[in-house]
Amino acid sequence: MALDQDRAAGSLYRKVAADLREAITSGSFGDAGRLPAEGALAEQYGVSRGTVRQALALLRADGLVTSRRGTRRVVLGSARVQSFSELLSFTHWARSMGEEPGGRLDSMVRRPADAAEREQLRLEPGTEVYVMLRLRTLSGTPVMVERTVYPPRVGELVAQLPPDAVSHTEPLREHGILFSDADHTIDVVGANADDARLLGCRRGSPLLREKRRTTDPTGTPVEWSQDRYLPGTVAFSIHNSLASSALSRHAREND
């Protein structure tokens, strides 16, 4: 019953987002124009403000509107190099390059959160988390090991997905779990035993690591993850300006 209610709620905000997306891409608001206020949108569509915020979070993830809170959203236009969802989601990113993404679950464990996990996910002592280890591939080639720690409400949904599910982000959206903000840290780490086994590299070999904590539109953490990439498979670039700062990921080119 709860899952059915989640699907119904998810369908509603996606319909609002789809309608607004069509209006934005058709130029109804113009570039740098402003969307109506949340209250006006809620009245226009006959939905709650919470549903409007979820719809706006999707548009924000697609790079169509700004993320400033407390003000009317500014339309950024339909042209974009890479969206937030493509950076957050390996599946979105792979498909944007014409690659076929793959995923294979190696393990899913439910256990009490340790101190670092409690801090990152803002959990009370004794709270259990779901810890996932998964191999990701591009067109059949292993490129990354994904380690993700989920709070209970998210982990329970992920645990129900098929072991070979290509995307977790998309089905989570179906249940109203939105990924709207993320803090990223990128560094280099030596491969451990699991990395070596899954990626076919030597233990201790350098891997590019992206650590990420993601929150929903309310600021509640929904995942704490670290992805470890084989050298030569990807690179990250940063663009800064007075108006925005965007981090994007792209396939690494030979020097």
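Please read these numbers as outputs of a predicted model, since none were measured by experiment.

K.L.:
Outline the overall build of the chain, supporting the account with residue identities and numerical values.
P.N.:
Scanning the chain for helices and strands turns up 9 helices and 8 strands. Here the chain holds 255 residues, and the buried ones make up 45% of them.

K.L.:
So, the sheet that holds strand E2 (residues 128–138): which residues are in play, and what are the values?
P.N.:
Pairing between sheet strands relies on hydrogen bonds along the backbone, with the strands arranged either parallel or antiparallel. Taken in spatial order, the 6 strands make up an open sheet running E1-E2-E3-E6-E5-E4, and their pairing is antiparallel. The open sheet has two free edges, formed respectively by strand E1 (101–112) and strand E4 (181–190), since each of these has just one partner strand. Strand-to-strand, the axes of this sheet are offset by a mean angle of 15°, without reference to chain direction. In the sheet, strand E5 (residues 206–215) pairs with strand E6 (residues 221–229) via 8 bridges, with the strands oriented antiparallel. If you follow threonine 215 over to E6, its bridge partner there is proline 221.

K.L.:
So what's going on with unusual backbone geometry? Which residues, and what values?
P.N.:
Even without a glycine there, the phi angle at arginine 122 is positive, about 55°. Looking at the element boundaries, arginine 122 is found in the loop between helix H6 (115–121) and E2. Positive phi, normally seen in glycine, also occurs at serine 139, with a value near 50°. Accessibility expressed as a relative area gives 44% for serine 139, which makes it partly exposed.

K.L.:
Outline the side chain of glutamine 226, supporting the account with residue identities and numerical values.
P.N.:
Here glutamine 226 lies in strand E6. A distance of 2.8 Å separates a polar atom in the side chain of glutamine 226 from a polar atom in the side chain of arginine 228.

K.L.:
Describe the environment of aspartate 195, with residues and values.
P.N.:
Topologically, aspartate 195 is positioned in helix H9 (residues 193–199). Along the backbone, aspartate 195 and glutamate 146 are 49 residues apart, and their C-alpha atoms lie at a distance of 9.5 Å. If we ignore the near neighbours within four places in the chain, the residues touching aspartate 195 are Val145, Arg147, Gly190, Gly200, Cys201, Leu207 and Arg228. A polar side-chain atom of aspartate 195 sits 2.8 Å from a polar atom in the side chain of arginine 147.

K.L.:
Tell me about the side chain of glutamate 38, and please be specific about residues and values.
P.N.:
Secondary-structure assignment places glutamate 38 in helix H2 (residues 38–45). Residue classification places glutamate 38 among the buried positions, given a relative accessible area of 18%. Here glutamate 38 is in contact with Arg49, Val52, Arg53, Leu56 and Arg73, once residues within four sequence places are set aside.

K.L.:
Lay out the pattern of salt bridges with the relevant residues and their values.
P.N.:
One pass over the structure, following the stated rule, counts 16 salt bridges. Close ionic contact of glutamate 146 with arginine 134 constitutes a salt bridge, the shortest N to O distance being 3.1 Å. Remark: arginine 134 occurs in strand E2 and glutamate 146 occurs in strand E3 (residues 141–150); sequence separation between them is 12 residues. The pair glutamate 146 / arginine 134 is uniform in exposure class, with both members buried. Measuring nitrogen to oxygen at the nearest pair gives 3.2 Å for the salt bridge that ties aspartate 227 to arginine 212. A residue pair is termed long-range when its members are at least 10 positions apart, and aspartate 227 in strand E6 and arginine 212 in strand E5 qualify at 15 residues. Like arginine 212, aspartate 227 is buried. Through salt bridges with shared partners, one network takes in Glu210, Arg212, Glu223 and Asp227.

K.L.:
A description of the nonpolar core should follow, citing residues and the corresponding values.
P.N.:
The biggest cluster of nonpolar side chains holds 19 residues, and the ones touching the most others in it are Leu20, Ile24, Leu35, Val52, Leu56, Leu59 and Val65. Residue assignment for this core shows that the elements contributing at least two residues are helix H1 (2–25), H2 and helix H3 (49–61). With 6 residues, H3 is the single largest residue contributor to this core.

Calculation rules
Residues numbered from 1 in each chain as written. Predicted model: local features only at pLDDT ≥ 70, side-chain atom pairs only at ≥ 80, totals over all residues. Heavy atoms only, no water. Helix = DSSP H or I, 4+ residues; strand = E, 2+ residues; numbered from the N terminus. Buried < 20%, exposed > 50% of the residue type's maximum accessible area, 1.4 Å probe, protein only. Pairing = 2+ DSSP bridges. Axes fitted to C-alpha atoms, helices over the stretch in contact; angles between N-to-C directions. Polar contact = N/O pair within 3.5 Å; in protein donor to acceptor, adjacent residues only side chain to side chain. Contact = heavy atoms within 4.5 Å. Salt bridge = Lys/Arg side-chain N within 4 Å of Asp/Glu carboxyl O. Core = buried A, V, L, I, M, F, W, Y, C linked by side-chain atoms within 4.5 Å.

That's the geometry; what it means functionally is another story.
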